[in-house]
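Survey of secondary and tertiary structure
These are the residues of each chain, in order.
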Amino acid sequence: MNKIKTIIHLIILSVIILAKNSYTQINVKDFGAAGNGSNLETIFIQKAIDKAYEDGGGIVDIPAGIYKTGTLILKDNVNLHLFPGAELLGSEDIKDYLKVTQKFESRTNVLYAKYFMIFAEGAKNISITGPGVINGNGLKNFLVDNPQNLRPFLIRLVCCENATIRDVYLLDSANWTFHLLGCKDVNIDGVVIENGADANRDGLDIDCCQRVTVSNSCFSTGDDAIVMKASSDVLCQDIIITNCILRTRASAIKTGTESNGGFKNITVSNCVIK
């Protein structure tokens, strides 16, 4: 009988531990987001991200709808998940974006951008997933004649570790679409990037990063599709690009632009370039 009680106690204890370690699932609509395409939703989505972070991690669900937003700060152990029919739409007003000064030294600081739609620095175990759309709204509202550093990036992750970007559709950034800077252990899989205009609207910039995998993704860009850089003294190394389709009017895959550091162990395989 004592043996049975001990086993039951262990099972209960295991369930409690698992419950404590399980991630919170949060719906942004529970924090006030409407998804009607007209209201500015930044504060509501950020509250959901903050709550997931405070709980030790969680999934922040973006259900179907259009959510206009400025800068969102992604934090440790948070998965921003966009459901089918969900769209994060970049605000047309530069005042809705935070002016970000990052700690990591790079020649890209301030020179190219101070504003970002999604930003994280030093975050761990973060992810952006789901078949929804992140629309920078850049071709309509941030035209070529705007200074580059007044046109927001879609996503910049700085010194982040264990990041996953999967299945999302990244559309019409006002500046570089997706910039990884000083990051480690990043997996990009099944992502579509479409940014057809020129004017510094790169697809993916992998900068001073280590152990990055890009797979099963499609890029259609006016500027460079995938660029590897080392814009500080840190090497860009252990990069794998495979099973991708790249259509561009500039460089499909490029290394070396504005780089102080170097490149090591870069593998590109089974890609179609148009």
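Our subject in this report is the structure included herewith. (Residues numbered from 1 in each chain as written. Predicted model: local features only at pLDDT ≥ 70, side-chain atom pairs only at ≥ 80, totals over all residues. Heavy atoms only, no water.)

A few points about the overall build of the protein chain
On a plain count of helices and strands, the protein chain comes out with 3 helices and 25 strands. Here the C-alpha atoms of the protein chain give a radius of gyration of 20 Å, agreeing with the 19 Å that 2.2 N^0.38 yields for 274 residues. Projected onto the principal axes, the alpha-carbon positions of the protein chain cover approximately 75 × 45 × 35 Å. In the protein chain, the proportion of contacts linking residues at least 24 apart, taken out of those at least 6 apart, comes to 70%. Here the protein chain has roughly 12000 Å² of accessible surface; of this, 53% comes from carbon and sulfur atoms. Each charge sign in the protein chain was given a centre, from 27 positive and 29 negative side chains, and these centres are 4 Å apart. (Helix = DSSP H or I, 4+ residues; strand = E, 2+ residues; numbered from the N terminus. Rg over C-alpha atoms; globule rule 2.2 N^0.38 Å. Contact = heavy atoms within 4.5 Å. Areas by Shrake-Rupley, 256 points an atom, 1.4 Å probe, with all protein chains shown as cover. Lys, Arg positive; Asp, Glu negative; His and termini not counted. Charge placed at Lys NZ, Arg CZ, Asp CG, Glu CD.)

Focus: a nonpolar patch on the surface
Residues F263, I266 and V268 make up a contiguous nonpolar surface patch of about 210 Å² in total accessible area. The topology assignment puts I266 in strand β24 (residues 263-269). (Patch = residues over 30% accessible without salt bridge, like charges linked within 9 Å, V, L, I, M, F, W, Y side chains within 5 Å. Salt bridge = Lys/Arg side-chain N within 4 Å of Asp/Glu carboxyl O.)

Quick look at the sheet that holds strand β7 (residues 86-90)
Spatially, the 9 strands line up as an open sheet ordered β2-β4-β7-β10-β13-β16-β19-β22-β25, and their pairing is parallel. Looking at which strands have only one partner, the edges of the open sheet turn out to be β2 (36-40) and β25 (272-273). Both β7 and strand β10 (residues 133-135) contribute to a ladder of 3 bridges, which runs parallel. Of the residues in β10, the one forming a bridge with E87 is V133. Seen against the sheet, helix α2 (residues 42-54) touches β2, β4 (65-69) and β7 and runs at an angle of roughly 95° to β4. (Pairing = 2+ DSSP bridges. Axes fitted to C-alpha atoms, helices over the stretch in contact; angles between N-to-C directions.)

Observations regarding the sheet that holds strand β21 (residues 236-242)
What the 9 strands build is an open sheet, ordered β1-β3-β6-β9-β12-β15-β18-β21-β24; its pairing is parallel. Of all strands in the sheet, those with a lone pairing partner are β1 (24-27) and β24, marking the two edges. Recorded for the sheet is a direction-independent mean angle of 10° between the axes of neighbouring strands. Sitting on the sheet, α2 is in contact with β1, β3 (58-62) and β6 (78-82), with an inclination near 160° to β3.

Concerning the nonpolar core
In this structure, L88, L157, L180 and I206 are the most contacted members of the largest nonpolar core, which totals 58 residues. At 4 residues, the largest contribution of residues to this core is made by α2. The residues contacting L157, other than those within four sequence positions of it, are A120, I126, A163, I165, F178, H179, L180, L181 and C183. Counting residues in hydrophobic clusters, the runner-up holds 12 residues, among them V100, F104, F116 and F119. (Core = buried A, V, L, I, M, F, W, Y, C linked by side-chain atoms within 4.5 Å. Buried < 20%, exposed > 50% of the residue type's maximum accessible area, 1.4 Å probe, protein only.)

A short note on the packing of aromatic side chains
Within this structure, the stated rule accounts for 4 aromatic pairs. Relative to F153, the ring of F116 has its centre 5.4 Å away and its plane inclined at 75°; by these criteria the two rings are edge-to-face. Of this pair, F116 sits in strand β8 (residues 116-121) while F153 is found in strand β11 (residues 153-158), placing the two residues 37 residues apart along the sequence. Residue F153 is classed as buried on the basis of its relative accessible area, which comes to 1%. Clustering of aromatic rings is evident, with ring pairs tying together F116, F119, F153 and W176. When the ring centre of F153 is taken as reference, the NZ or CZ atom of R156 above it lies at 4.8 Å. (Phe/Tyr/Trp six-rings, centres within 6.5 Å; stacked < 30°, edge-to-face > 60°. Lys NZ or Arg CZ within 6 Å of the ring centre and 35° of its normal.)

Scope: geometric values only; no functional claims are made or implied.
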